[in-house]
Amino acid sequence: METPTSVQNQSLGSVSSFLPLGPELGYSVNMCELNHAFATQILKVSFNTCASDCVGSTMTDVAIALHAAYMAYNIWRARPKMNGISFTLASYVLVNSIWSLEGSLFWLQPSGEKLPWFLDEKYFDFLWKLNAQFEAVLLFLFWKLAISLLETADLLHPSLKDKKSGMLFMAVIYAASFSIVTVKSCVFENFILFGASNILPPLCSSWLSLMYISYYYWPHLTYGASEGITSYRPTGSAKFLRFHPIVLGVLSGAGYWIGNTGIIFGTDSFFVYWSRELLSFIFRRRVTRNEWEEMAFFHLGTLVGNEILFRCWCWIAAAEAQIEGKNGKLKSRTWLKDVLL
């Protein structure tokens with residue numbers, strides 16, 4: 001008969017690999033395993049890291065990289081003098097491009113059948129950990145962008161206006177912590193969910209900043225008002241959807257969140273399954289689970305979200321260039337407020 005003590009010991013043993021029980025009990029914290037266990041066992045997220053020949057994930061990551069590189073060029077073209085918030089925007093989009101291009105390499109996996117030499121087992125670990133470092137840079141840029149958006153729109157809380165350097169320092173700590181944990185204690189199978197959960201707060205911070213700006217300046221955010229920035233020529237989704245670019249930035253969340261359903265519900269549910277069936281119909285052959293799984297669908301949603309969001313960034317860069325004074329300096333730190341009003 002099991003005593004309460006023996007049952008407790010068994011429970012501790014079953015979770016000892018990821019619960020932060022402290023060194024006095026002989027256990028250490030593994031944040032990657034803890035995050036993976038919380039997501040899959042508590043939140044019931046159905047995501048499983050693709051094991052080999054993840055062709056769809058590779059191709060969609062390449063598409064994200066090429067699109068981001070093109071949009072980084074458009075931001076630079078809108079504001080060749082890279083300073084202010086435009087520098088943060090261009091840096092974030094360019095790093096996003098590099099991150100996705102490098103990330104596309106490891107989706108073929110060491111256990112894949114068609115493996116280039118640089119994805120050999122000894123190189124694979126280096127590839128995904130290098131990718132984590134690019135993501136760490138993105139984490140910092142997301143936080144910095146959210147702060148800058150609120151500051152330029154004059155919506156930063158009065159108690160925080162003189163604490164920007166402190167907030168940026170905390171963003172550095174956040175990004176550095178992610179970088180160290182991924183290098184020291186992550187394995188690839190846990191890294192994907194760990195990376196996704198850590199990029200969600202800073203990404204949402206930028207998105208929520210745009211939502212707050214839209215809410216506060218809503219009567220002024222018409223499509224016609226955006227044409228006041230004469231150097232901005234709407235193309236792509238900006239021209240098709242005919243919303244003010246700030247509102248477009250808010251709408252980009254639809255693409256990201258639909259993509260996230262793939263990670264939440266898994267490869268055999270809802271949009272991932274339906275899109276795989278559609279691809280099978282188009283190509284007139286059975287598209288396998290590895291060829292089109294949850295990460296491939298997530299990338300597709302990201303690509304749609306990026307297309308809409310990056311148009312907003314292009315408009316902001318063009319607006320910053322136009323409002324810049326003849327001496328090459330911005331007239332006010334809250335210049336976005338002046339543009340929107």
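Residues numbered from 1 in each chain as written. Predicted model: local features only at pLDDT ≥ 70, side-chain atom pairs only at ≥ 80, totals over all residues. Heavy atoms only, no water.

Undergrad: Which parts of the structure should I look at to understand the overall build of the protein?
TA: Secondary structure assignment for the protein yields 14 helices and zero strands. Starting at the N terminus, the α and β elements of the protein follow one another as α-α-α-α-α-α-α-α-α-α-α-α-α-α. Considering the protein as a whole, with its 341 residues, one finds that 48% of them fall into the buried category. In the protein, the share of contacts with a sequence separation of at least 24, taken over all contacts with a separation of at least 6, comes to 74%. Just so you have it, the protein exposes about 17400 Å², and 66% of that area is on carbon and sulfur atoms. (Helix = DSSP H or I, 4+ residues; strand = E, 2+ residues; numbered from the N terminus. Buried < 20%, exposed > 50% of the residue type's maximum accessible area, 1.4 Å probe, protein only. Contact = heavy atoms within 4.5 Å. Areas by Shrake-Rupley, 256 points an atom, 1.4 Å probe, with all protein chains shown as cover.)

Undergrad: Sorry, what's going on with the layout of surface pockets here?
TA: Vacant regions in the atomic arrangement are exposed by a probe of water-molecule size rolled over the atoms. Roughly 870 Å³ of internal volume is contained in the largest pocket. Lining the largest pocket are 45 residues, and of these Ala-196, Ile-199, Asn-260, Ile-263 and Phe-298 lie nearest its centre. If you list the elements that add at least two residues to the lining of the largest pocket, you get helix 2 (31-42), helix 3 (55-78), helix 4 (84-103), helix 5 (121-152), helix 7 (188-216), helix 11 (253-265) and helix 13 (294-323). With 13 residues, helix 7 is the largest single contributor of residues to the lining of the largest pocket. Taken together, the residues that form the lining of the largest pocket break down as 28 nonpolar, 15 polar and two charged. (1 Å grid on protein atoms, 1.4 Å probe; cavity = no way out; pocket = protein on both sides within 12 Å on 5 of 7 lines; lining within 4 Å. Points joined across faces, edges and corners; volume = space filled by probe spheres on them. Nonpolar A, V, L, I, M, F, W, Y, C, P; charged D, E, K, R; others polar.)

Undergrad: Hey, could you run me through the side chain of Asn-131 in this one?
TA: Structurally, the position occupied by Asn-131 is in helix 5. What makes Asn-131 buried here is its relative accessible area of 4%. Other than its neighbours up to four places away in sequence, Asn-131 contacts Trp-99, Glu-102, Gly-103, Phe-106 and Phe-191.

Undergrad: Any chance you could explain the packing of helix 3 against helix 4 here in plain terms?
TA: When two helices pack together, their arrangement is given by the angle between the helix axes and the distance between those axes. Two elements in contact, helix 3 and helix 4, have axes separated by 8 Å at closest approach and are oriented at 160 degrees. Between helix 3 and helix 4, the angle falls in the class roughly antiparallel. At the point where helix 3 passes helix 4, the crossing takes the left-handed sense. Packed against helix 3, whose contacting residues are Asp-61, Ile-64, Ala-65, Ala-68, Ala-69, Met-71, Ala-72 and Ile-75, the element helix 4 presents Ser-86, Leu-89, Ala-90, Val-93, Leu-94, Asn-96, Ser-97, Ser-100, Leu-101 and Gly-103 at the interface. Looking at the contact of helix 3 with helix 4 residue by residue, the class counts come to twelve nonpolar, five polar and one charged. (Axes fitted to C-alpha atoms, helices over the stretch in contact; angles between N-to-C directions. Parallel < 35°, antiparallel > 145°, perpendicular 65-115°, else oblique. Left-handed = near helix turned anticlockwise from the far one by under 90°.)

Undergrad: Just checking my understanding: could you explain the environment of Ile-258 for this structure?
TA: Turning to its location among the elements, Ile-258 is positioned in helix 11. Between the C-alpha atom of Ile-258 and that of Phe-297, which follows or precedes it by 39 residues, the distance is 9.0 Å. Contact partners of Ile-258, with chain neighbours within four places excluded, come to Phe-271 and Phe-297.

Undergrad: What should I look at first to understand the nonpolar core in this one?
TA: The nonpolar side chains of a soluble globular protein tend to be buried with one another. Judged by nonpolar contacts, the single largest core of 73 residues is most densely connected at Tyr-92, Val-93, Ile-213, Ile-246, Trp-313 and Ile-316. For this core, the leading source of residues is helix 13, giving 13 residues. In contact with Ile-213, other than residues within four places in its own chain, are Leu-149, Ala-153, Leu-155, Leu-221, Ile-246, Leu-336 and Leu-340. Val-272, Val-287, Trp-292 and Ala-296 belong to the second-largest nonpolar core, a separate cluster that totals five residues. (Core = buried A, V, L, I, M, F, W, Y, C linked by side-chain atoms within 4.5 Å.)

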